[in-house]
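# Chain and residue survey
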Amino acid sequence: MLKRKTKITALDLILSLLLLIAVIYVVYKLKVGISYKWNWGAIPQFFFRYDPEVEKWVPNILMQGFFTTLRLSIWATIFATFIGTSMGLFRVSLSLLKRLIGATYVELIRNLPPLVIIFIFYFFVGNQILPALGVEEFVRNAGEDTQRLLSVLFAPPSLLTAFLSALITLSIFEGAYITEIVRAGIQSIEKGQWEAADALGFSRWEQLRYVILPQAVQRILPPLAGQFISTIKDSAIVSVISIQELTFQAMELMSTTYFTFEIWITITVMYLLITLTCSLAVERLEVHMRKNTA
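Note that this is a predicted model, so its numbers are computed, not measured. (Residues numbered from 1 in each chain as written. Predicted model: local features only at pLDDT ≥ 70, side-chain atom pairs only at ≥ 80, totals over all residues. Heavy atoms only, no water.)

What follows concerns the overall build of the chain. What the chain contains, in helices and strands, is 11 helices and two strands. Each helix and strand of the chain, ordered N terminal to C terminal, gives the series α-β-β-α-α-α-α-α-α-α-α-α-α. For a compact globule of 294 residues, the expected C-alpha radius of gyration is about 19 Å, and the chain comes in at 24 Å, more than 25% above that figure. Dimensions of the chain, computed from the C-alpha atoms along their principal axes, are close to 75 × 70 × 40 Å. For the chain, the residues scored as buried account for 36% of the 294 residues in total. The long-range share in the chain, meaning contacts at least 24 apart out of those at least 6 apart in sequence, stands at 70%. (Helix = DSSP H or I, 4+ residues; strand = E, 2+ residues; numbered from the N terminus. Rg over C-alpha atoms; globule rule 2.2 N^0.38 Å. Buried < 20%, exposed > 50% of the residue type's maximum accessible area, 1.4 Å probe, protein only. Contact = heavy atoms within 4.5 Å.)

What follows is the structure in structure tokens.
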């Protein structure tokens, strides 16, 4: 396979010059054009602090939000994958009822504003379902080791109900997009594969399990990994229901310190650190999948 030679044109030089001018202008306006006193030296203390009670360094407000965002994104992706896979199979089912259920779920979630979905499910799940299931009572009566485990995996006991509400909401929202990824992956398999499996006497489930899904998974994994990045970015919206993830902690910190630019620039870098790392991992995965299918 021949590699393309990179060619720099006059248009590239002009665009680069315009971009450089724009960057210089923004830096100049931030430095001179606004009456703002920068204080970057105050930011590091919000990452870690020394706790004299345990005599060691512990995560401070920004790192607490960072870890909450990671936990929320990871668990939401796991549950959303389960929901999306189930609904994706519904979407390609021979049953009209299942196809209607899958289509209704996708169209309903994808055509409602995320903020509306957040509030609907938060007040319904948080105020009705979780108390009815006895989640709060279970956490209160749990042993110290169990509470410590819940804090590591999810959130501190006092915040667990709100965290689970946000987790369920985000999982349902992201599950609609994963549903379409799964559906597209299954439907991308050639019709001849279905016919060959049918000729072997496989049932519909056996066709999916032994023939279609093993091939579809290779096509589903890269966009599914990319959806994890979207989940990280979408997790910021749960800050409106006081989930103490990275965006919420930034807003709380800004309201008390008034370090507006320093905090939001720091938060931007932290989000980029997560998403760019995941993007590089997704690219490596796609290259690996292409090599295996070549």
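Another aspect to go through is the pairing of strand 2 (residues 56-59). The side chains of a regular strand alternate between the sheet's two faces. Bridge count between strand 1 (residues 48-51) and strand 2: four bridges; the pairing is antiparallel. Its bridge partner lying in strand 2, Asp51 is registered against Lys56. In textbook terms, the turn of a hairpin is the stretch between consecutive antiparallel strands, and for strand 1 and strand 2 this stretch comprises four residues, one of which, Glu55, has a positive phi near 55°. (Pairing = 2+ DSSP bridges.)

The way to describe two aromatic rings as a pair is by their centre distance and the angle between their planes. A complete count under the given rule lists 11 aromatic pairs for this structure. Both rings, one in Trp38 and one in Phe261, keep their centres 5.5 Å apart while their planes meet at 35°; by these two values the pair is tilted. Of this pair, Trp38 sits in the loop between helix 1 (10-33) and strand 1 while Phe261 sits in helix 11 (residues 260-293), and the two are 223 residues apart along the sequence. Looking at Trp38, the relative accessible area reads 25%, which means it is partly exposed. On the numbers, 6.0 Å between centres and 25° between planes, the contact of Trp75 with Phe79 is stacked. Of the two residues, Trp75 and Phe79 both sit in helix 2 (residues 61-91), four residues apart, roughly one turn of that helix. One aromatic cluster is present, formed by Trp75, Phe79, Phe154 and Phe163 through successive ring pairs. (Phe/Tyr/Trp six-rings, centres within 6.5 Å; stacked < 30°, edge-to-face > 60°.)

Among the nonpolar cores identified, the biggest contains 23 residues, and Phe46, Phe259, Ile263 and Ile267 are the most heavily contacted of them. Of all the secondary-structure elements, those providing two or more residues to this core are helix 2, helix 9 (204-234), helix 10 (246-257) and helix 11. Per-element tally for this core: the top contributor is helix 11, with seven residues. Not counting residues within four places of it along the chain, the set of residues in contact with Phe259 comprises Tyr36, Asn39, Ala42, Ile43, Phe46 and Met254. (Core = buried A, V, L, I, M, F, W, Y, C linked by side-chain atoms within 4.5 Å.)

This brings us to the side chain of Thr266. For Thr266, the position within the fold is in helix 11. Residues in contact with Thr266, not counting those within four places in the same chain, are Trp40, Ile43, Phe47 and Leu62.

Right, let's talk about the packing of helix 2 against helix 7 (residues 160-187) for a bit. Remark: helix 2 packs on helix 7, axes separated minimally by 5 Å, with the N-to-C direction vectors making an angle of 45°. Between helix 2 and helix 7, the angle falls in the class oblique. Note on packing geometry: the crossing formed by helix 2 with helix 7 is right-handed. Tallied by class, residues from the contact of helix 2 with helix 7 come to 16 nonpolar, eight polar and five charged. (Axes fitted to C-alpha atoms, helices over the stretch in contact; angles between N-to-C directions. Parallel < 35°, antiparallel > 145°, perpendicular 65-115°, else oblique. Left-handed = near helix turned anticlockwise from the far one by under 90°. Nonpolar A, V, L, I, M, F, W, Y, C, P; charged D, E, K, R; others polar.)

Before going further, it helps to examine the side chain of Ser73. Here Ser73 lies in helix 2. Once residues within four sequence positions are removed from consideration, Ser73 is found in contact with Phe228, Thr231, Ile232 and Ser235.

Contact geometry for helix 2 and helix 10: axes closest at 7 Å, N-to-C directions at 160°. Between helix 2 and helix 10, the crossing angle belongs to the class labelled roughly antiparallel. Facing helix 2, whose interface residues are Ile61, Leu62, Gln64, Gly65, Phe66 and Thr69, helix 10 presents Leu246, Gln249 and Leu253.

Take helix 7 next. Along its 28 residues, helix 7 runs 39 Å from first to last C-alpha, staying within 8% of the 40 Å computed at 1.5 Å per residue. Taking the largest bend as the criterion, helix 7 deviates by roughly 30°, centred on Ala176. With 23 of 28 residues buried, helix 7 is to be regarded as a mostly interior element. (Expected span 1.5 Å × (residues − 1). Bend = angle between axes of the 7 residues up to and from the residue.)

Attention shifts here to helix 3 (residues 96-110). Residue pairs spaced three or four apart in an α-helix point in one direction, given the helix's 3.6 residues per turn. Between its first and last C-alpha atoms helix 3 spans 21 Å; for 15 residues at 1.5 Å apiece the expected length is 21 Å, and the two agree. When helix 3 is considered as a whole, its buried residues turn out to be Gly102, Tyr105, Val106 and Ile109. The buried residues of helix 3 occupy an angular sector of 90° when the element is viewed end-on, so they sit on one face. Opposite the packed face of helix 3, turned more than 90 degrees from it, sit the exposed residues Leu96, Leu97 and Leu108. (Arc of directions from axis to C-beta.)

Further remarks concern unusual backbone geometry. The backbone phi angle of Ser242 is positive, close to 65°, even though this residue is not glycine. The class for Ser242 is partly exposed, based on a relative accessible area of 46%. Even without a glycine there, the phi angle at Tyr258 is positive, about 65°. Mapping Tyr258 onto the fold places it in the loop between helix 10 and helix 11. Residue class for Tyr258 comes out exposed when judged on its relative accessible area of 62%.

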